[in-house]
Amino acid sequence: MNSIAVRDQFLRSTAEWICDSYSLSIRYLAVKDQNGLRILDAALSAGPLPPPRPVNFSIEVGSLYAGQKTFPSLKRTVLEKKLAQAADGKLEVNGLQLTLKATSSPDYYSPPPNQETWFSDLHLIVQGTQLPPSPIHDSIEVDQALRCITPPFDGMTDLSTLLQLSDPRSGGRQPTINIRVNPPVDVMFDNTTLRENKFQALLHAHPKFDVRRIGLAIREFPGDGVKTRRQVAHEINWKRVSKGRRPGLLDISLVNADSVLTMLTVGGRTVRRQWHMDPDKAINSRYVATQLFDKELKQLRDSVLNPMDSDRFERGIASLLFLLGFSPAIQVETQAPDIVVTTPGDKIAILECTIKIADFHSKLGKLVDRRNALVKALGAIGHNLRVDAILVCGLPRLQIAADENLLIQHQVTLIAKEDLEQSFNRIRIPINPDEMLDRAAAQLASRNIIDK
């Protein structure tokens, strides 16, 4: 599919999902030149509910413009127009006219879903023409000025972190607009249970969405062949609208289920795949032991998927590694990797963990140095072992200013938030940690060969 076809497909799918009263949030970084306001980085997020704590602000510092604007409820026609404009590389926000610089038309990319994708929103990446680097003295002046305005920011890095955007001029990347549209319906994981072959699920749909277009399929495990694979959307009991949502209840009996996979679709397009487990039938003994003290792993999930504290994030990652079959050890010495793990096959890996974009390059440098030092120390005593280096970041991959070529060059595996979410879907059944490390090493090696 060519670039323009990708954009057109995105806009068609968007028209099938959005309804009146969808919300829209716009975040942007832009710079003024002789041709107007040029977008450095921008993100649009449309969803069926308004954000719980909307943030609105707009700042102007020299030639730099930045801000955020939330529209809690828009008519469908207005939202479609704003999304189409963004797809053309144009934004109208906070009284500003922003444009993505492109030689002719922008380039378009939409990450394709795969078997490891568990949640699928509509996602379009609009890329412009690379901008020249910002002079060092200009960057310093901007940092100084940002500390003097209201609200104040500790330089460009602090502002970019708040907006979850980045300045592409510092990394030699293209200016980009990321557009995401969330689905009009979803399964409420916290209100869905499986116990003794009784499955109860709660769904929330946008009040103005036609629920007849929703598909829901289930697969039991271990089940009983094809008999325990079925479509169940027609068995959802949809209730009256409450608090801006239309709840739907599914209450069905299963045959032979330690776990059940739900596959939610809208208009034939996958929205979410999710495993739901019977907590009393887990095969993994490590899972049984852990969830006895942390029911349904709520605290662990929160520490890993919603990190606010780096120490708690590290402890959460170590606990997740334990559930996956590794033997992890958090290091007490500060001049050491955050976590060292071994496998049943005596493989070894070191991990650095971070929850901030600003830490990325620092953590990567430390990780490479410490991996090399450990390889040298092991070799000195006759242990010629491969030491895997893994960088774990609590942010989504698109928010991480990662140099893929640098990761490949130094043979470092990046684990982002999406990968951590997928790991929670694997912990019920024992996994071979040696195979996990071997697969990661093979992927890095193959990418290194391709790049060469």
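So, here is what we can say about the structure in this document. The shown structure was predicted, so the numbers you read here are calculated from the model rather than taken from an experiment. (Residues numbered from 1 in each chain as written. Predicted model: local features only at pLDDT ≥ 70, side-chain atom pairs only at ≥ 80, totals over all residues. Heavy atoms only, no water.)

1. Thoughts on the nonpolar core
Within the largest apolar cluster, 57 residues are counted, with the highest numbers of intra-cluster contacts made by Leu24, Leu44, Leu98, Ile177, Ile179 and Val181. Formed by 26 residues, the second largest nonpolar core is a distinct cluster that contains Leu300, Leu320, Leu323 and Phe424. (Core = buried A, V, L, I, M, F, W, Y, C linked by side-chain atoms within 4.5 Å. Buried < 20%, exposed > 50% of the residue type's maximum accessible area, 1.4 Å probe, protein only.)

2. Some points on the packing of helix α7 (residues 310-323) against helix α10 (residues 417-424)
Across the interface, α7 lies against α10 with an axial gap of 11 Å and an inter-helix angle of 45°. With respect to α10, the element α7 is oriented oblique. Note on packing geometry: the crossing formed by α7 with α10 is left-handed. Between α7 and α10, the residues in contact are Phe313, Ile317 and Leu320 and Leu420, Ser423 and Phe424, respectively. Partitioned by chemical class, the residues of the contact of α7 with α10 number 5 nonpolar, 1 polar and no charged. (Axes fitted to C-alpha atoms, helices over the stretch in contact; angles between N-to-C directions. Helix = DSSP H or I, 4+ residues; strand = E, 2+ residues; numbered from the N terminus. Parallel < 35°, antiparallel > 145°, perpendicular 65-115°, else oblique. Left-handed = near helix turned anticlockwise from the far one by under 90°. Contact = heavy atoms within 4.5 Å. Nonpolar A, V, L, I, M, F, W, Y, C, P; charged D, E, K, R; others polar.)

3. A word on the sheet that holds strand β22 (residues 387-393)
The 5 strands lie next to each other as β19-β20-β21-β22-β23, forming an open sheet whose pairing is mixed. The sheet is open, and its two borders are formed by β19 (327-330) and β23 (412-415), each paired with just one other strand. Between one strand axis and the next, the sheet turns by 25° as a mean value, whatever way the strands run. Relative to strand β21 (residues 348-354), strand β20 (residues 339-342) is paired through 4 bridges, and the arrangement is antiparallel. What sits directly across from Val341, in β21, is Ala349. Packed on one face of the sheet, helix α8 (residues 360-380) meets β21, β22 and β23 and runs near 160° to β21. (Pairing = 2+ DSSP bridges.)

4. What about α10?
When we look at burial in α10, the residues that qualify are Leu420, Gln422, Ser423 and Phe424. Where α10 is buried, its residues meet α6 (298-305), α7, β22 and β23.

5. Examining the pattern of salt bridges
Enumeration over the complete set of coordinates arrives at 20 salt bridges. Notably, a salt bridge pairs Asp438 with Arg386, separated by 3.2 Å at the nearest N-O pair. On the criterion of sequence distance, the pair formed by Asp438 in helix α11 (residues 433-451) and Arg386 in the loop between α8 and β22 is long-range, its members being 52 residues apart. We classify Asp438 as partly exposed; its relative accessible area is 32%. When salt bridges that share partners are traced, they join Lys347, Arg386, Asp388, Asp434 and Asp438 into one network. (Salt bridge = Lys/Arg side-chain N within 4 Å of Asp/Glu carboxyl O.)

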